[in-house]
Amino acid sequence: MKKRLLMFLMVFCMILPAVPVFAAEQRVFDYAELLSEEDEREMHLWVEDMQANWGMDLAFLTTNDTEGKSVQQYGADFYEEQNLGLGENYDGVIFVLDMGSREGQIITCGKAIDIYTDYYIDQMWDNMVGFLSDGDYYNAFFTLYMDLHSYAFEYEKYQADPDSYISDYSAEQKKKSIIMLLGVAAVFSLAMAAFAVNSMKKSCRNVKPFTDGRAYLKENGFYLTVNRDSFASTHTAMMPIPRDDDHHHGGGISGGSWGGGSSTFSGGGGRSFGGGGGKF
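Residues numbered from 1 in each chain as written. Predicted model: local features only at pLDDT ≥ 70, side-chain atom pairs only at ≥ 80, totals over all residues. Heavy atoms only, no water.

Asker: Honestly, the pattern of salt bridges in this entry has me stumped. Any pointers?
Answerer: Proximity of charged atoms lets side chains of opposite charge pair with each other. All chains considered together, the criterion is met by five salt bridges. Glu25 is the salt-bridge partner of Arg27, the closest N and O atoms lying 3.9 Å from each other. A residue is classified by how much of its surface remains accessible, and Glu25, at 58% relative accessible area, is exposed. Notably, a salt bridge pairs Glu103 with Lys279, separated by 3.7 Å at the nearest N-O pair. Highlighted residues: Glu103 in strand β4 (residues 103–109) and Lys279 in strand β6 (residues 272–279), separated in sequence by 176 residues. The exposure class assigned to Glu103 is buried, which follows from its relative accessible area of 16%. By relative accessible area, which is 55% here, Lys279 ends up exposed. Salt bridges sharing common partners tie together Glu25, Arg27 and Asp57. (Salt bridge = Lys/Arg side-chain N within 4 Å of Asp/Glu carboxyl O. Buried < 20%, exposed > 50% of the residue type's maximum accessible area, 1.4 Å probe, protein only. Helix = DSSP H or I, 4+ residues; strand = E, 2+ residues; numbered from the N terminus.)

Written out as structure tokens, the structure is:
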């Protein structure tokens, strides 16, 4: 408990100067009763941080029943019913944890859809699912909050210089492309080698071996009368190679892409939502 509190205080001290002093409206809806009062108080400080620093709302919803809806749809409808989100686009994130189906969903709205694309949603889910499986719900939520904060910070850097910024997504896509090209090259090489071997086999089918070594000797023999190398001339051609002044990353990775894209769906009120998650 002391270790958890110390970690939180360290993080909060870093964000405190930017957080205004006000009490956030209710954003922790613990209907499954998984959290203590202390947990909820600390989580509301995370909400204030997200609102003040990144202009996005943040809410947590735990439940034992989604009333026949999917967890994702239930969360989106709840987001609309509670009038969550900031600004005209209702920017924000809600995490829904359904204990009945043991499923969690990270649901995004407004600009959060652009920041937390499917790629980053998967990364955040992978980071928190272990805590959920262990029943450590507070640290699962804290891990999500820290990832939301971190990716919002990185997205701000990307927007400042999108052409040169190298996101995690771009780096991984580059690696996948290289691996794919190497795989295609390997398959092509094997196919060519197999074709060459098969061709040689076919050309040798009608050849019969000789038992007499004299069959390989030229009649009247072979004589080398002159052995001489003659040097004729040499010529060197030079061609200038233009510099690529637009290339700033010696490793060959270029920026320009933040995170792929986001799969979206509509809430009951017609708003567009993104997100993802899974079972735990």
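Asker: Explain the nonpolar core here, please?
Answerer: Core analysis: the largest hydrophobic core is formed by 41 residues, its most contacted members being Phe95, Tyr116 and Phe141. Elements with a contribution of two residues or more to this core: α2 (37–54), β2 (57–63), β3 (92–98), α4 (111–115), α5 (118–133) and α6 (137–160). Of the residues forming this core, the biggest block, twelve residues, is contributed by α6. Contact partners of Phe141, with chain neighbours within four places excluded, come to Leu35, Met43, Trp46, Phe60, Thr62, Phe95, Leu97 and Met128. Among the nonpolar cores identified, the runner-up in size contains 15 residues, and Leu61, Phe78, Ile94 and Cys109 belong to it. (Core = buried A, V, L, I, M, F, W, Y, C linked by side-chain atoms within 4.5 Å. Contact = heavy atoms within 4.5 Å.)

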